[in-house]
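Listed here are the chains, written in short residue letters.
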Amino acid sequence: MTAAPASPFASTFDAAVLARAATTRLMIFDVDGVLTDGGLFYGEDGESVKRFNALDGHGIKMMQQFGTAAAIITARQSPFVLRRAKDLGIAHVFQGVHDKRQAFEQLLQHTGLAAADCGYLGDDVIDLPVLTRVGFKACVANGHREVKLRSDYVTTATGGNGAVREVCDLVLAAQGNYEAALAPYLA
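Below, the structure is looked at part by part. Keep in mind that what you see is a predicted model, and the values were worked out from it rather than measured. (Residues numbered from 1 in each chain as written. Predicted model: local features only at pLDDT ≥ 70, side-chain atom pairs only at ≥ 80, totals over all residues. Heavy atoms only, no water.)

A few points about the overall build of the protein chain
Step number 1: For the protein chain, the helix and strand inventory stands at 8 helices and 8 strands.
Step number 2: Compactness check: the protein chain gives a C-alpha radius of gyration of 16 Å against a globular reference of 16 Å for 187 residues, within 12% of the reference.
Step number 3: In terms of principal-axis extent, the alpha carbons of the protein chain reach across some 55 × 35 × 30 Å.
Step number 4: Relative to all contacts within the protein chain whose residues are 6 or more apart in sequence, the contacts with residues 24 or more apart total 58%.
Step number 5: Counting every atom, the protein chain has about 8800 Å² of accessible surface; 53% of that belongs to carbon and sulfur. (Helix = DSSP H or I, 4+ residues; strand = E, 2+ residues; numbered from the N terminus. Rg over C-alpha atoms; globule rule 2.2 N^0.38 Å. Contact = heavy atoms within 4.5 Å. Areas by Shrake-Rupley, 256 points an atom, 1.4 Å probe, with all protein chains shown as cover.)

Comments concerning the packing of helix α1 (residues 15-22) against helix α7 (residues 163-174)
Step number 1: The interhelical angle for the contact between α1 and α7, taken along N-to-C directions, is 85 degrees, at an axis separation of 8 Å. Classified by the angle between their axes, α1 and α7 sit roughly perpendicular to one another. Every residue of α7 that contacts α1 at Val17, Leu18, Ala21 and Ala22 is listed here: Leu170, Val171 and Ala174.
Step number 2: Of the residues belonging to the contact of α1 with α7, the class tally is 7 nonpolar, no polar and no charged. (Axes fitted to C-alpha atoms, helices over the stretch in contact; angles between N-to-C directions. Parallel < 35°, antiparallel > 145°, perpendicular 65-115°, else oblique. Nonpolar A, V, L, I, M, F, W, Y, C, P; charged D, E, K, R; others polar.)

Describing the environment of arginine 20
Step number 1: Turning to its location among the elements, arginine 20 is positioned in helix α1.
Step number 2: For the pair arginine 20 and glycine 162, spaced 142 residues apart in sequence, the C-alpha separation works out to 21 Å.
Step number 3: Not counting residues up to four positions away in its chain, the partners in contact with arginine 20 are Gly135, Phe136, Lys137 and Asp152.
Step number 4: Separated by 3.2 Å, the side chains of arginine 20 and aspartate 152 make a polar contact. (Polar contact = N/O pair within 3.5 Å; in protein donor to acceptor, adjacent residues only side chain to side chain.)

Structural notes on the pairing of strand β1 (residues 26-29)
Step number 1: Side-chain alternation along β1 places Leu26 and Ile28 on one buried face and Met27 and Phe29 on a second face that is also buried.
Step number 2: In the sheet, β1 pairs with strand β4 (residues 69-73) via 4 bridges, with the strands oriented parallel. Across the sheet, residue phenylalanine 29 finds its bridge partner in β4, namely isoleucine 72. (Buried < 20%, exposed > 50% of the residue type's maximum accessible area, 1.4 Å probe, protein only. Pairing = 2+ DSSP bridges.)

A closer look at the sheet that holds strand β8 (residues 153-154)
Step number 1: An order of β5-β4-β1-β6-β7-β8 is seen for the 6 strands of this open sheet, with the pairing classed as parallel. Looking at strand neighbours, the two that pair on one side only are β5 (92-94) and β8, the edges of this open sheet.
Step number 2: In terms of strand pairing, strand β7 (residues 136-139) meets β8 through 2 bridges, oriented parallel. Paired with alanine 138 across the strands is tyrosine 153, a residue of β8.
Step number 3: Of the strands in this sheet, β1 and β4 touch helix α2 (residues 54-65), which is tilted by about 130 degrees from β4.

Here we look at the nonpolar core
Step number 1: Met27, Phe29, Ile60, Leu121, Phe136, Val164 and Val167 are the most contacted members of the largest nonpolar core, which has 36 residues in total.
Step number 2: Of all the secondary-structure elements, those providing two or more residues to this core are α1, β1, α2, β4, α3 (79-88), β7, α7 and α8 (178-186).
Step number 3: Broken down by element, this core gets its largest block of residues, 9 residues, from α7.
Step number 4: Aside from chain neighbours lying at most four places away, what touches leucine 121 is Met27, Ile28, Phe29, Asp30, Val34, Ala138, Cys139, Val140, Thr155, Ala163, Val164 and Val167. (Core = buried A, V, L, I, M, F, W, Y, C linked by side-chain atoms within 4.5 Å.)

A closer look at the pattern of salt bridges
Where charged atoms of side chains with opposite charge meet at close range, the side chains can pair.
Step number 1: Following the criterion strictly, the structure yields 8 salt bridges and no others.
Step number 2: When the shortest N-O distance is used, the salt bridge between aspartate 32 and lysine 50 registers 2.5 Å. Residue aspartate 32 is located in the loop between β1 and β2 (41-43), and its partner lysine 50 is located in the loop between β3 (46-49) and α2; the two are separated by 18 residues in the primary sequence. Here aspartate 32 matches lysine 50 in class, with each residue buried.
Step number 3: Where glutamate 146 meets arginine 150, a salt bridge forms, and the shortest distance between an N and an O atom there is 2.6 Å.
Step number 4: We classify arginine 150 as partly exposed; its relative accessible area is 39%.
Step number 5: In this structure, a network of salt bridges that share partners links the residues Asp30, Lys100 and Asp127. (Salt bridge = Lys/Arg side-chain N within 4 Å of Asp/Glu carboxyl O.)

Here it is, written out as structure tokens:
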């Protein structure tokens, strides 16, 4: 992939972080605490709602538009996750997964990608089996300390409050696509 000229935005990140993010062809996201703020709302019939961030969703769409696919691996099972994934055009969704390593291996087999071609954004120790294997490792600002310690990048935003968008923008910038992603909105 040929990168466009670097944007001024890219210069706000560490060169090593940009280098790791530049090779990401598939960005994998956890749900609770990453795509959401981690709050769980229960009604009489079980889980009733999940709150997703519109900025995060648009970031995923822009990132995918420029060639980096997205996937979800989550321990919980929720129809809301499937609906959100469909809205965002995310084809690879693994729910109810307590062994995220196994789901990750299935994802690699299905996509034909190597672990080094992937990035992962997580928040808790259940994410470590995947996070420690990918090429680009990221954690939300309010993530567990063990995940932060093993990450290449820790967002400034918290889970469910723009952390996903921050990582998507970082990937776009690292791959030289950030300015092109913004161009339609600045014309």
